[in-house]
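Breakdown of the fold
Below, each chain spelled out in residue letters.
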Amino acid sequence: MTRYARRGVHGQTVEALARRILGGDIPEGATLDLVALQSELDVSLTALRESLKVLAAKGMVDARQKRGTFVRARGDWNLLDADVLRWQFEGGRTTEADRALLRNLAEVRAIIEPAAVRLAAQRRTESDLVALDEALRAMGEDHSDAGHAVEADLAFHRALLDATHNELLERMEMVIESGLAHRDRIVHSSPHSENPVPAHRAVLDAVREQDADAAEAAMRALLEQAGRDLDRIDDGDDDTKGPGAQ
């Protein structure tokens, strides 16, 4: 999946429309007033129509004679598209739809990553271990902002998928990365989240030893820890809802 380029008026228009739809500001089934949107977004009608073509390709909008352009039902949206996931989570707020998608992501990770880490343990190369070591080292560094911790975590899971040497599993990082980054931003902004380093180190140690059973068990323990962090968010921990946790 190739990410949509976020450049120029066209890219900005696509993202503005996508976030309004994903955030519910333009609800499912709504018919779009193109003239009003053109004026509001201060773009040409041609640019607006080209932007809507991008969203149509992702299953978010459609056009019919006598009805015009309308927002399709959420069940038709391509939620596995990397752009759609990114737009869902980068809207500057954490909605109930975001939380539901995060819970869905946790279930998907529980299916994919334990199996993937077994392959990584069997197939990892020395260069894979170097990438994992570097990500874990970065994860353990003391940084005041959550952004560094988020990127280190993403690098670790990206390196694990790369270590499977399975081309399709490697591409899965594009599916989970946006949601994982959003989850990390919330979790790492909370002073009550668990230290992620020991759980990740246990995974890496098992991969290094090429112990597939231990690697799978360590990954399941890591995902259980991630689930506990999400439970704190769902339980209404005020610290995870502050301005820095969006």
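See above for the structure.
Here the residue index of a chain counts from 1 through its sequence in written order. Where totals are concerned, whole chains, interfaces and linings use all residues; where local detail is concerned, this predicted model gives features only for residues with pLDDT of at least 70, and gives and counts side-chain atom pairs only at 80 or more. To get the side-chain values, all heavy atoms of the structure are used, and hydrogens and water are removed first.

A word on the environment of His 148. Structurally, His 148 is set in helix α7 (residues 146-162). Among the residues examined, His 148 registers a relative accessible area of 24% and is labelled partly exposed. Separated by 10 residues in sequence, His 148 and Ala 138 place their C-alpha atoms 7.9 Å apart. What qualifies as a polar contact is a pair of N or O atoms within 3.5 Å, subject to a donor-acceptor requirement within protein and to the restriction that residues adjacent in sequence count only when both atoms come from side chains. Separated by 3.1 Å, the side chains of His 148 and Glu 141 make a polar contact. Helix and strand definitions follow DSSP, with helices as H or I runs of at least four residues and strands as E runs of at least two, each counted in order from the N terminus. Relative accessibility decides the category of a residue: with a 1.4 Å probe and only protein chains considered, values under 20% of the type maximum give buried, values over 50% give exposed, and everything between is partly exposed.

With that settled, the discussion passes to the pairing of strand β1 (residues 61-64). Sheet analysis places β1 next to strand β2 (residues 68-71), joined by four bridges and oriented antiparallel. Its bridge partner being in β2, Arg 64 is matched across the sheet by Gly 68. Here the rule is simple: two strands pair whenever DSSP picks up at least two bridges between them. As consecutive antiparallel partners, β1 and β2 are separated by three residues, and within that stretch Lys 66 has a phi angle of approximately 70°, a positive value.

Once that is clear, we can look at helix α2 (residues 34-41). Each α-helix turn comprises 3.6 residues. Residues three or four places apart therefore point the same way. The set of residues buried in α2 consists of Leu 34, Leu 37 and Leu 41. Buried residues of α2, viewed axially, fall in a sector of 60°; they line one side. In α2, the exposed residues that point more than 90 degrees away from the buried face are Val 35, Ser 39 and Glu 40. Should any heavy atoms of two residues lie within 4.5 Å, those residues are considered in contact. Taken together, the buried residues of α2 touch α1 (8-22), α3 (45-57) and β2. Where α2 begins, the capping side chain belongs to Asp 33, and its oxygen is found 3.3 Å from the backbone nitrogen of Val 35. Where α2 terminates, the next one or two residues include Asp 42, which has phi positive at roughly 55°. By construction, the arc corresponds to the directions joining the helix axis to the C-beta atoms.

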